[in-house]
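Spelled out, the chains give:
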Amino acid sequence: MRVLVTGGAGFLGSHLCERLIELGDEVLCIDNLFTGTRSNIEGLLKNPRFEFIRHDIIDPFKAEVDQIYNLACPASPVHYQHNAIKTIKTSVIGSINCLGLAKRLNARILQASTSEVYGNPEVHPQPETYHGNVNPIGIRACYDEGKRCAETLFFDYHRQNKVDIRVIRIFNTYGPRMAINDGRVVSNFIVQALRGDDITIYGEGTQTRSFCFVDDLIEGMIRMMNQDQTLGPVNVGNPSEFTVLQLAEEVIRLSQSKSKIIHKPLPSDDPLQRRPDISLAKKHLKWEPKIQLEEGLKKTIAYFKMLLK
Ligand code: NAD
Ligand code: UDP
């Protein structure tokens, strides 16, 4: 199988490329290296079945492939808010380019959507049937509405042009190769704990998230691509829910850190609670996460320890 991964030099993308190469596929990775890095794919560059092209998916491109995974889009609030207009263009124009390619090639295409389509959810946990509560003019909208529009485009290309789509909604995922400056909560807390810096909790720390380890997520994503029971959307994430304060305490404990917890203002539109209902993933993908928070955090702490040496 020839597989295109957009955003393949990023955190999730590089793990996906690695796994696809292990499975015997030929992988074409397209990435503009905005948040991704060459070092994430260093181990793959010498492999004859792996090819990297530095390109921005906002500009059209051609390739000959059988499957497309569309992951290109900055995912951390700090990075996606850095150039909000560019973020929404990446989700909307980038998806149109990828879908046009899939249509021409008759290739199956999977969209990496997000739990952010649920916004600040009033239904808990979130099933795929929930339509969400997103502020369309807030600081998170460039990402949330961009991803919502991308889902619309995927389903319209399917209805109108019979494009063979798959859509997953990814919930907070963490693990090795998150960027050190990425600003997301798991990497921030681990880096702060290892450096002995203050751990920065935004608000009281009572907001919740449900954290999935990267290996579990990639398994779910590949299963979604290669099944014929549903186009999606399907939630993929770990339903174990923690407050941000619990996460901070767990990181301090596991890294044996002397860091103190401090509080900073809660950014606007920060969702108060989030937990996936994964019934559909269990039913159609025969998938559920295996790696619980403690084990995943230990692996991630070990990675950042090595990086900070
Ligand atoms: P990431 O920032 O590490 O990866 C995104 C990759 O896309 C980077 O390599 C970046 O350089 C590339 N990119 C960005 N804009 C591009 C453009 N215009 N053209 C080409 N390449 C571009 O983030 P990640 O956590 O690996 O996320 C990957 C995908 O999964 C994203 O689409 C994200 O929205 C989605 N997702 C991730 C999570 C999570 O918790 N990690 C949760 C929900 C959804
Ligand atoms: N957060 C925090 N301290 C940090 C970074 C994030 O308290 O240093 C909080 C953030 O306000 C949010 C949660 O942790 O409530 C998850 O943030 P992240 O940016 O990882 O992801 P998202 O908000 O997109 O789920």
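Below: a short report on this structure. (Residues numbered from 1 in each chain as written. Chains lettered and ligands numbered in written order. Predicted model: local features only at pLDDT ≥ 70, side-chain atom pairs only at ≥ 80, totals over all residues. Heavy atoms only, no water.)

### Notes on the site of ligand 2
In the vicinity of ligand 2, 17 residues are found, and the nearest of them are Val185, Thr200, Arg209, Asp270 and Arg274. Between ligand 2 and the protein, one listed contact pairs an oxygen atom with a side-chain N or O atom of Glu116 at 3.4 Å. One of the side-chain N or O atoms of Asn188 is found 2.8 Å from an oxygen atom in ligand 2. At the level of elements, α5 (185–195) and β8 (199–202) are the ones that each hand at least two residues to the shell around ligand 2. (Near = heavy atom within 4 Å. Polar contact = N/O pair within 3.5 Å; in protein donor to acceptor, adjacent residues only side chain to side chain. Helix = DSSP H or I, 4+ residues; strand = E, 2+ residues; numbered from the N terminus.)

### Focus: helix α7 (residues 244–254)
All of the buried residues along α7 are Val244, Leu247, Ala248, Glu250, Val251, Ile252 and Leu254. At the exit of α7 stands Gln256, carrying a positive phi of roughly 50 degrees. (Buried < 20%, exposed > 50% of the residue type's maximum accessible area, 1.4 Å probe, protein only.)

### Side note on the site of ligand 1
Surveying the vicinity of ligand 1 reveals 29 residues, the closest of which are Leu12, Asp31, Thr35, Tyr143 and Lys147. For ligand 1, a nitrogen atom lies 3.0 Å from a polar atom in the backbone of Ile57. If ligand 1 stood free it would expose 820 Å²; the protein chains cover 97% of that surface. Of all the secondary-structure elements, those providing two or more residues to the shell around ligand 1 are α1 (11–22), β5 (108–114) and α4 (141–161). By residue number, the principal contributor to the shell around ligand 1 is β5, which donates 3 residues. Here the shell around ligand 1 is composed, by residue class, of 14 nonpolar, 11 polar and 4 charged. (Areas by Shrake-Rupley, 256 points an atom, 1.4 Å probe, with all protein chains shown as cover. Nonpolar A, V, L, I, M, F, W, Y, C, P; charged D, E, K, R; others polar.)

### Some points on a nonpolar patch on the surface
A contiguous nonpolar patch, built from Ile180, Met306 and Leu307 and spanning about 260 Å² of accessible area, is present on the exposed surface. Relative to the helices and strands, Leu307 resides in helix α9 (residues 293–308). (Patch = residues over 30% accessible without salt bridge, like charges linked within 9 Å, V, L, I, M, F, W, Y side chains within 5 Å. Salt bridge = Lys/Arg side-chain N within 4 Å of Asp/Glu carboxyl O.)

### Things to note about the sheet that holds β5
Pairing is parallel across the open sheet formed by 7 strands, whose spatial order is β3-β2-β1-β4-β5-β6-β11. Every other strand in the sheet has two partners, leaving β3 (50–54) and β11 (234–236) as the edge strands with one partner each. Taking the axes of each pair of neighbouring strands and ignoring which way they run, one obtains an average angle of 20 degrees across the sheet. By the bridge criterion, 6 bridges tie β5 to strand β6 (residues 165–170) in an arrangement that is parallel. The residue bridging Thr114 from the neighbouring strand is Ile170, located in β6. (Pairing = 2+ DSSP bridges. Axes fitted to C-alpha atoms, helices over the stretch in contact; angles between N-to-C directions.)

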